[in-house]
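Residues per chain are reported as follows:
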Amino acid sequence: MDLLPSLAQRPPLPPIFAALPTIILVVLCASPPSRLLTLTLLPPLLWSALWVPLAYTTGNVGGDFGLGSQGIFYALTWLDRFVLTRDYERVYLRAGESAVPPPWTLARLGYAAKLCMSMRGAGWKWEARNTPPAPGVGRWVFVRSRLGRAAALYLAVDALSTYQQRQPYFHRQIQLGALSFEDILLNGASAALIGGAAIALLYNLLVVSCVSSGIWTPAECPDLFGPVSQATTLGGFWGRTWCVSFVPPGAFAADPPCSNRHQSFRRVFTTPGLLLASALSLPASSYSTKILTTLTAFSLSAIQHAFGMLAMARTGRGAALFFLVQPMGLLLEDLVVRGAKAVGVGKDPRSWRTFGFAWTATWLLATSPPFFDELVQVSTESHLDHVNDLTDPNSP
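Quick look at the structure, then. (Residues numbered from 1 in each chain as written. Predicted model: local features only at pLDDT ≥ 70, side-chain atom pairs only at ≥ 80, totals over all residues. Heavy atoms only, no water.)

1. Examining unusual backbone geometry
Stage number 1. Although it is not a glycine, D87 adopts a positive phi angle of roughly 55°.
Stage number 2. Of note, D87 is situated in the loop between α4 (61-84) and α5 (88-91).
Stage number 3. Residue classification places D87 among the partly exposed positions, given a relative accessible area of 35%.
Stage number 4. The backbone phi angle of R314 is positive, close to 60°, even though this residue is not glycine.
Stage number 5. Here R314 is to be found in the loop between α11 (287-313) and α12 (317-342).
Stage number 6. Accessibility expressed as a relative area gives 23% for R314, which makes it partly exposed. (Helix = DSSP H or I, 4+ residues; strand = E, 2+ residues; numbered from the N terminus. Buried < 20%, exposed > 50% of the residue type's maximum accessible area, 1.4 Å probe, protein only.)

2. Description of the state of the cysteines
By definition, a disulfide links two cysteine residues through a covalent bond between their sulfur atoms.
Stage number 1. Using the criterion set out here, one finds 0 disulfides in the structure.
Stage number 2. Take C29: it sits in no disulfide, and the sulfur closest to it among the cysteines is that of C116, at 4.1 Å.
Stage number 3. You can see C221 has no disulfide; the closest cysteine sulfur is in C210, sitting 7.0 Å from it.
Stage number 4. On the basis of relative accessible area, C221 is assigned to the buried category, the value being 2%. (Disulfide = S-S within 2.5 Å.)

3. Details of the packing of α4 against α11
Geometry of a packed helix pair, given as the angle between the helix axes and the separation of the axes.
Stage number 1. Where α4 contacts α11, the two axes come as close as 7 Å, and the packing angle between them is 140°. If you check the angle between α4 and α11, you find them oblique. The two elements α4 and α11 cross, and the hand of that crossing is right-handed. Two secondary-structure elements touch here, α4 through V61, G62, D64, F65, G68, S69, I72, F73 and L76 and α11 through L300, I303, Q304, H305, F307, G308, M309, A311 and M312.
Stage number 2. Partitioning the contact of α4 with α11 into residue classes produces 11 nonpolar, 6 polar and 1 charged. (Axes fitted to C-alpha atoms, helices over the stretch in contact; angles between N-to-C directions. Parallel < 35°, antiparallel > 145°, perpendicular 65-115°, else oblique. Left-handed = near helix turned anticlockwise from the far one by under 90°. Contact = heavy atoms within 4.5 Å. Nonpolar A, V, L, I, M, F, W, Y, C, P; charged D, E, K, R; others polar.)

Structure follows, in structure tokens:
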């Protein structure tokens, strides 16, 4: 007997099941610190965060992937805030505040809801250091600018979709690695770009709705992605450019301390590694600790993305492999950069940056085919199933 429900037999996802992990985290944040309550609410949290994505469907493959990957994030958030963090009431404070509101007051419920919605800590004391100040613009100026971005991103997604509709890779069961070099480059780049553009589009629509309704302020909505100009190294891409940052600032020679805004994502992925290094009595600034925290962060990310693929299509090996090999590239890059600096190579900033961009793009494209093949195969099968439903005379 299969342990997991059949994909075709999953019922629609009840909205309350989707909201339950957030409700549980809000309850924990609104309550005084309690190990008993934390452990008591763990079973329903794990059920709603890890079993519900496997047993129910949103009706959309992308939604199923997001539901599964977000479930892992909920579990990591519970672990970080209520198990691994000592006295979270002193850690998770807004800037300028010295204490959280009293438990189970309206103010505390508002604080808890705000904390659970603020995944990156903008405007909080646990925000990443050296974050550039938010632009001093009003609500409606911000809303108009983000609507403009959303429109531009929609056009980009539409253009990339049009390109992909003409490429056999996105409609036939073809492995990316079996294509010519040119097709690997173009199809791989289009798959990466459309994924990033779609994520950014959804984010901009989210902040528009939240800022226009007064839930968030413009200062609480920094850009989702860092500047592309920082992707001159693999460490720069993962630590500064991509929307989920795994590499702690200063982890490697190729990744000097940076103004990274994506603190919460980085925090839940790196805190377990830091505590593991402490348990092993490794100095916080040692190279061994930096390697361990990076390995732990990408291992957890591999689990997160593989679980999203498992919820979406009962697969996930390619997603896990992609993230598990990234630390190898970071370590290789670090050794090369250290060696180059030792012999005086790379003193020309322009040529060094050009080489860095080429290296980063090459590594990511070389390691992405297993992940992209899984995503494209699932999307192709979903599209064919939809077409079959439309053309089946017995279909309702």
